[in-house]
Amino acid sequence: MTGVPEPSQTFAKPGRLFVVSGPSGSGKSTLVARALADLPRPIHVSVSATTRPPRPGERHGIDYYFWTPDQFDQAIHNDQFIEWAHVHGHRYGSLRSEVEPYLAQGIDVLLEIDVQGADTVRRLYPQAKCIFVMAPSLADYEKRLRARGTESEESLQRRLQTAQYELQQAARYDCVIVNDDLERAAAALRACLSC
């Protein structure tokens with residue numbers, strides 16, 4: 001779904017907020033795209049802002065808002081974020097403009113954010129449904145991250161250390177999905193988004 005809803009639209013109840021988290025290499029983005037392709041109702045996928053450079057094929061305003069550190073600082077100063085964090089040497093944040101207008105108009109919103117961001121969102125939106133996506137094993141994370149070809153060895157090792165911490169947080173989520181088979185995991189995610 002694209003575009004901010006028109007203010008004249010009214011709905012009986014606000015939209016629901018979903019949070020999808022998981023370590024780098026868990027396949028969150030691929031899984032979300034696959035699950036939403038067959039979901040019978042629209043969900044707005046919030047586009048996050050980041051200071052990291054785009055990976056090959058990523059587009060500004062579609063995959064992320066790729067901002068300079070100064071732009072990010074200005075957004076913090078202007079209270080434009082619901083949450084933001086330093087992750088793997090860069091900053092990421094969820095914009096209010098990508099969440100609040102949609103919820104107010106009765107449109108469900110999905111945030112794909114890290115564990116740290118999910119904690120903040122839980123405090124602000126206790127009704128949010130939180131979903132954790134994980135690979136079958138730590139070896140799978142390393143294999144998937146190496147296959148990306150976008151990480152230095154130092155960055156890859158840092159992401160694997162973070163993954164170990166994040167996996168310990170999985171029990172705090174409403175749903176946990178093991179992404180070992182894309183179709184099965186997509187069906188599990190659709191089920192979580194439907195209840």
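First, a word on scope: everything that follows refers to the structure included in this document. In this text the structure is predicted, and so the values were computed from the model without any measurement.

Before going further, it helps to spend a moment on the overall build of the protein. Along its length, the protein carries 7 helices and 9 strands. Here the C-alpha atoms of the protein give a radius of gyration of 16 Å, agreeing with the 16 Å that 2.2 N^0.38 yields for 195 residues. Seen through its C-alpha atoms, the protein measures out along the principal axes to roughly 50 × 40 × 30 Å. Counting across all 195 residues of the protein, residues that qualify as buried make up 46%. For the protein, the share of sequence-separated contacts (at least 6 apart) that also reach a separation of at least 24 residues comes to 68%.

Peptide bonds are trans in most cases, and residues, glycine excluded, mostly fall at negative phi. Of note, Asp79 is a non-glycine position whose phi angle comes to about 55 degrees, a positive value. Tracing the backbone through its elements, the reader meets Asp79 in the loop between helix H2 (69–77) and strand E5 (81–87). Asp79 gets classed as partly exposed once you look at its relative accessible area, which sits at 48%.

Here we take up the environment of Arg123. Summarising the element assignment, Arg123 is placed in helix H4 (residues 115–124). You can call Arg123 exposed: its relative accessible area is 62%. As for Arg123 and Pro136, which are separated by 13 residues in sequence, their C-alpha atoms are 29 Å apart.

In strand E9 (residues 175–178), alternate side chains face the same way, and those of Cys175 and Ile177 are buried while those of Val176 and Val178 on the opposite face are not. Strand direction decides the pairing type here: strand E8 (residues 129–134) and E9, joined by 4 bridges, are parallel. Note on E9: the bridge partner recorded for Val133 is Ile177.

Attention now moves to the pattern of salt bridges. Across all of its chains, the model carries 14 salt bridges by this definition. In this structure, Asp38 and Arg34 form a salt bridge, with 2.8 Å as the shortest nitrogen-oxygen distance. Judged by its relative accessible area of 43%, Asp38 is partly exposed. The partner of Arg59 in a salt bridge is Asp63, with the nearest N and O atoms 3.9 Å apart. When salt bridges that share partners are traced, they join Arg34, Asp38, Glu183 and Arg190 into one network.

Reading the values: rules and limits
- Residues numbered from 1 in each chain as written.
- Predicted model: local features only at pLDDT ≥ 70, side-chain atom pairs only at ≥ 80, totals over all residues.
- Heavy atoms only, no water.
- Helix = DSSP H or I, 4+ residues; strand = E, 2+ residues; numbered from the N terminus.
- Rg over C-alpha atoms; globule rule 2.2 N^0.38 Å.
- Buried < 20%, exposed > 50% of the residue type's maximum accessible area, 1.4 Å probe, protein only.
- Contact = heavy atoms within 4.5 Å.
- Pairing = 2+ DSSP bridges.
- Salt bridge = Lys/Arg side-chain N within 4 Å of Asp/Glu carboxyl O.

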